[in-house]
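Read off the chains here:
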Amino acid sequence: MTDAASGSTVRRPRVVLGVAGGIAAYKAVEVLRQLTETGHDVRVVPTASALRFVGEPTWSALSGHPVATDVWTDAAEVAHVRLGREADLVLIAPATADLLARAATGRSDDLLTATLLTARCPVVFAPAMHTEMWEHPATRANVATLRARGCVVIDPAVGRLTGADSGAGRLPEPAEIASLARAVLARGGDGLAAGPAPDLAGRRIVISAGGTREHLDPVRFLGNSSSGRQGQALARAAIARGGDVVVVAANVALPDVAGARTVRLVSTEQLRAAVHAEAAQADVVIMAAAVADFRPVARATYKIKKTDGDPEPVALVRNPDVLAELVAARRPGQVLVGFAAETGGPGVDVLDLGREKLARKGSDLLVVNQVGDGLGFEVDHNAAVVLGADGSETMIERTSKDLLAHRVLDLVVTRLAVRDGPDAGVAVGTRR
Ligand code: CTP
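Since we're looking at a predicted model, the values are computed, not measured.

*Asks:* Quick rundown of the nonpolar core? Include the residues and the values.
*Replies:* Ranked by internal contacts, the top residues of the largest apolar core, which has 69 residues, are Trp59, Leu91, Leu234, Val245 and Ile286. Considering every element that reaches this core, the biggest residue donor is helix 14 (residues 401–419), with eight residues. Shared between two domains, this core holds at least three residues of each, these being domain 1 (14–187) and domain 2 (204–419). Residues Ala20, Ala103, Cys121 and Val153 belong to the second largest nonpolar core, which totals 29 residues.

This is the structure:
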């Protein structure tokens, strides 16, 4: 199919960006910009009150499309039906308490809510409001209704709100909202209308990301070059599928994933404590972090100086194997996933190493990827073979970390479904 605007033979993904009337509407300008810059065809549908914060010329100039708020403008076009039917994704950022209430009750008193009723594609709400409004039982009920209906409603970030106060209710960073939109679109590929259901709704997923550091003194450490990108992509994909996601981030220099709760830490011991605490309520734990296997026996309180004398060899002690501990403490029905970044070696096959590691760790799945040659750490693409405890081997060809994340989650969802069988007695985590 040819896209008229770009002349490209690939149809650009169509996003309806709904903007409700909250102060965070100014951040939606950046969401729009990020999406158009990555080739998305974005139609902005502000509510009348959103236009009090950011005017129509801004939305139309940056989207390259005319903008309307009511169904009476260009009535012959029947805009709400066309917008809803043609969209691959409807993203509402910010979603105010009022917009959530109108969407939950199926009102259609403006172009945005009418579009929501005609849309058959994935719908994502990014709420932003004061903490009291977010926590009010009326808003909680509206959010629950929308989630039960198959929409993704992400949890707002915690931080500075409009005034001097802070708490839950802040719109996540625009770049992260745009990345989440791409993760939703990545799952469906072409033909997203009636897109795939959020199959992780109601599931709590804990994902470790990054790499732990073991300090020799306050400024020096033993560490690794894991960026946390793959772990973050998994978190984004899980949010896109409706999951309730906690990221345990070891030295990740990237912003928090929109909709996830992020716990930031440094050492293996801290990661171990955080992962175990979160795993106690989790349906799925994915250990994507590169965990340091050893730590120095002692950590100097002050910076080690050259003048302290000739260096002593660094004495190391083994760290606990967190994944193996999780396997030993597994909740009924919990799915555990490990990652293994391997380089192989002369006469040593990466997959043989993976099979041996899966048997040693006892997880349900082990995602084996070869690192080096532009693959693995600090890059946006990856390839992997996912080994299953059931003997399965799933090849994932070199692809974006977003798509790889969805392929891994496809396998997780299959295993959750098996365990949910009639006699499985699975306790499904409850959403915060
Ligand atoms: N892992 C862990 N705790 C450790 C080491 C690793 O939980 N102390 C987890 C990682 O998060 C990953 C999996 O185990 O999911 C495999 O990690 P890897 O470093 O490849 O395995 P190791 O057991 O450390 O084996 P080796 O480094 O010798 O290859």
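*Asks:* An account of the state of the cysteines is needed here, citing residue identities and associated values.
*Replies:* Taken as a whole and assessed by the stated rule, the structure comprises zero disulfides. A disulfide-free cysteine, cysteine 121 has its sulfur positioned 9.8 Å from the sulfur of cysteine 151, the nearest such atom. The exposure class of cysteine 121 is buried, given its relative accessible area of 9%. Overall, cysteine 151 belongs to the buried group, its relative accessible area being 14%.

*Asks:* A description of the pattern of salt bridges should follow, citing residues and the corresponding values.
*Replies:* This structure, assessed with the given rule, holds 29 salt bridges. A salt bridge links aspartate 88 to arginine 11; the nearest nitrogen and oxygen atoms lie 2.9 Å apart. Placement of aspartate 88 in the loop between helix 4 (79–86) and strand 3 (89–95) and of arginine 11 in the segment before strand 1 (14–19) is noted, with a sequence separation of 77 residues between them. Since its relative accessible area comes to 24%, arginine 11 is described here as partly exposed.

*Asks:* Would you mind going over the sheet that holds strand 19 (residues 393–400) in detail, with residue names and values included?
*Replies:* One open sheet holds the eight strands; their spatial order is 12-11-8-13-16-17-18-19, and the pairing between them is mixed. At either end of the open sheet lies a strand with only one pairing partner, and these are strand 12 (261–265) and strand 19. Put simply, the sheet's adjacent strands are angled 15 degrees from each other on average, direction ignored. Pairing between strand 13 (residues 284–287) and strand 16 (residues 335–342): four bridges, direction parallel. Looking at strand 16, one finds that methionine 287 is bridged to glycine 338. Against the sheet, helix 11 (residues 268–279) makes contact with strand 8 (204–210), strand 11 (244–250), strand 12 and strand 13, and its axis sits at roughly 155 degrees relative to strand 12, the strand it touches most.

*Asks:* Tell me about the sheet that holds strand 5 (residues 152–153), and please be specific about residues and values.
*Replies:* Taken in spatial order, the five strands line up as 2-1-3-4-5 in an open sheet, and their pairing is parallel. Of all the strands in the sheet, just strand 2 (41–46) and strand 5 have a single pairing partner and so form its edges. Across two bridges, the pairing between strand 4 (residues 123–127) and strand 5 is parallel. Residue pairing for strand 5: valine 124 is matched across the bridge by valine 152. With respect to the sheet, helix 9 (residues 174–188) is in contact with strand 1, strand 3 and strand 4, its orientation differing from that of strand 3 by roughly 155 degrees.

*Asks:* Residues and numbers for the environment of proline 156, please.
*Replies:* Looking at the secondary structure, you find proline 156 in the loop between strand 5 and strand 6 (157–160). The class for proline 156 is buried, based on a relative accessible area of 9%. In this structure proline 156 touches Pro127, Trp134, Gly169 and Arg170, once residues within four positions along its chain are discounted.

Reading guide: rules and limits
- Residues numbered from 1 in each chain as written.
- Predicted model: local features only at pLDDT ≥ 70, side-chain atom pairs only at ≥ 80, totals over all residues.
- Heavy atoms only, no water.
- Core = buried A, V, L, I, M, F, W, Y, C linked by side-chain atoms within 4.5 Å.
- Buried < 20%, exposed > 50% of the residue type's maximum accessible area, 1.4 Å probe, protein only.
- Helix = DSSP H or I, 4+ residues; strand = E, 2+ residues; numbered from the N terminus.
- Domains from an automatic or database assignment.
- Disulfide = S-S within 2.5 Å.
- Salt bridge = Lys/Arg side-chain N within 4 Å of Asp/Glu carboxyl O.
- Pairing = 2+ DSSP bridges.
- Axes fitted to C-alpha atoms, helices over the stretch in contact; angles between N-to-C directions.
- Contact = heavy atoms within 4.5 Å.

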